[in-house]
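Okay, here's what each chain looks like letter by letter:
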Amino acid sequence: MVVHGARGRSGRRPTLEEVAARAGVGRGTVSRVINGSPRVSEATRAAVEAAVAELGYVPNTAARALAANRTDAIALVVPEPETRFFAEPYFSDMLKGVGAALSDTEMQLLLIFAGSDRERRRLAQYLAAHRVDGVLLVSVHADDPLPDLLSQLEIPAVISGRRSVDETLPSVDSDNYGGGRAAVEHLLARGCRTITHIAGRLDVFGAQRRVDGYRDALRDAGREVDEELIITGDFTEEGGRRAMKELLARRPDLDAVFAGSDVMAAGARQVLREAGRRTPDDVALVGYDDSAIARHMDPPLTSVRQPIEDMGRAMLELLLDEIADRRPAVSRGLEKRQLVLPAMLVERDSS
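Residues numbered from 1 in each chain as written. Predicted model: local features only at pLDDT ≥ 70, side-chain atom pairs only at ≥ 80, totals over all residues. Heavy atoms only, no water.

A. Broad picture of the overall build of the protein chain. Scanning the protein chain for helices and strands turns up 16 helices and 12 strands. Looking at the 351 residues of the protein chain, the share that counts as buried comes to 51%. Considering only residue pairs separated by 6 or more positions, the protein chain has 72% of its internal contacts joining residues 24 or more positions apart. For the protein chain, the accessible area works out to roughly 16,400 Å², and carbon and sulfur atoms hold 50% of it. Where the 47 positive side-chain charges of the protein chain centre and where its 54 negative ones centre are 4 Å apart. (Helix = DSSP H or I, 4+ residues; strand = E, 2+ residues; numbered from the N terminus. Buried < 20%, exposed > 50% of the residue type's maximum accessible area, 1.4 Å probe, protein only. Contact = heavy atoms within 4.5 Å. Areas by Shrake-Rupley, 256 points an atom, 1.4 Å probe, with all protein chains shown as cover. Lys, Arg positive; Asp, Glu negative; His and termini not counted. Charge placed at Lys NZ, Arg CZ, Asp CG, Glu CD.)

Put into structure tokens, the structure is as follows:
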């Protein structure tokens, strides 16, 4: 029955145009529904799906991709060493969110590392050949040339976190400024006097915004901001260890640490324990990300939760929309293409 319906009365396959006519929508809308774009109302989606079922329309994936110059593949590009990707829960949670959103589509996902100059050159050649329909960029630094390369090649792309306030590419981020403020306000409410900060790499805009939140929370509480209490780490456990040792050397009287990631907080916790400092009795400790690391530390770590899986899903949905609608960014309105999801402090025993 399905085969006969798919061929129709004339013995040929129904076309996309016939589905559009039956559903009372445009050809592009049918294409969006078939490709899983989120920018379609439920009523319209239901009408298109009903027309597809009635006509027995079966998308010819290979022919559609060839005719539309499509590959039906997207790349998740991580401009970091592979060791960092597998060591930090942030990346696995992001991948989980992307994968969940992708499961409703016919697209394939490629995971590409571009942490070295050689890998970047190879990636540039790969992208120039237009072997993917779009790119998700995770962990982008301010001086990273990849976003500009994607713009030059006119490849749809979405990045996790803006590079600056003037970001031109679609992006999905969490409220890093609000998260930084919440961490420090919590420590102030606890009565902490000397609150230090282990920041992430400051060529990452999100890390800059967490520092801004740290500073403003102190100023608004009438506290002077001592820049010696801020040390830049690199989001790694060893970076957290090095920063904590330096902070103890600078200010032995410190009674609180706000770390820019749970991984760095874990490194800081090791140093505090080695120095005989009890957490939270002597030094309160707050991390960032609310990863599995936070829940399994001893004591469990207070942390600012980023909705990382939600960010991954939102990035994929935004990219699918970019792929379906390749009009210039100006005509679509950039403000609708830069999403900021809320961050939330999760209190545990470390503070």
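Moving on from the model shown.
B. Spotlight on the environment of Val340. Along the chain, the position of Val340 falls in strand E11 (residues 338-341). Those residues in contact with Val340, other than ones at most four positions away along the chain, are Asp173, Ser174 and Asp175.

C. Examining the pairing of strand E8 (residues 256-259) more closely. Residue alternation in E8 divides its side chains into two sets, Ala256 and Phe258 and Val257 and Ala259, and both sets are buried. Where strand E6 (residues 195-199) meets E8, 4 bridges bridge the pair, whose relative direction is parallel. Bridged to His197 within E8 is Phe258. Relative to strand E9 (residues 284-289), E8 runs parallel, the two sharing 3 bridges. By the bridge assignment, Val257 is partnered in E9 with Leu285. Regarding topology, helix H13 (residues 262-274) serves as the crossover connection from E8 to the parallel E9, and that connection is right-handed. (Pairing = 2+ DSSP bridges. Right-handed = clockwise from strand over helix to strand, strands pointing away.)

D. Structural view of the sheet that holds E8. Here we have 6 strands laid out as an open sheet, ordered E7-E6-E8-E9-E10-E12, and mixed in their pairing. Looking along the sheet, the strands with just one partner apiece sit at the ends: strand E7 (230-232) and strand E12 (344-346). Each neighbouring strand pair of the sheet contributes to a mean axis angle of 20°, computed without reference to strand direction. (Axes fitted to C-alpha atoms, helices over the stretch in contact; angles between N-to-C directions.)

E. Expanded view of the packing of aromatic side chains. Across all of its chains, the model carries 6 aromatic pairs by this definition. With a centroid separation of 5.1 Å and 85° between ring planes, the pair formed by Phe85 and Phe86 is classed as edge-to-face. Seen in terms of ring centroids, Phe86 and Phe113 are 6.1 Å apart; in terms of plane orientation they differ by 45°. Their pairing is tilted. Taken as a pair, Phe86 in helix H6 (residues 82-87) and Phe113 in strand E2 (residues 108-113) lie far apart in primary sequence, 27 residues in all. A relative accessible area of 61% places Phe86 in the exposed class. Residue Phe113 is classed as buried on the basis of its relative accessible area, which comes to 15%. An aromatic cluster of three or more residues is present, and its members are Phe85, Phe86, Tyr90, Phe91 and Phe113. Sitting over the ring of Tyr288, Arg210 keeps its end group 3.8 Å from the ring centre. (Phe/Tyr/Trp six-rings, centres within 6.5 Å; stacked < 30°, edge-to-face > 60°. Lys NZ or Arg CZ within 6 Å of the ring centre and 35° of its normal.)

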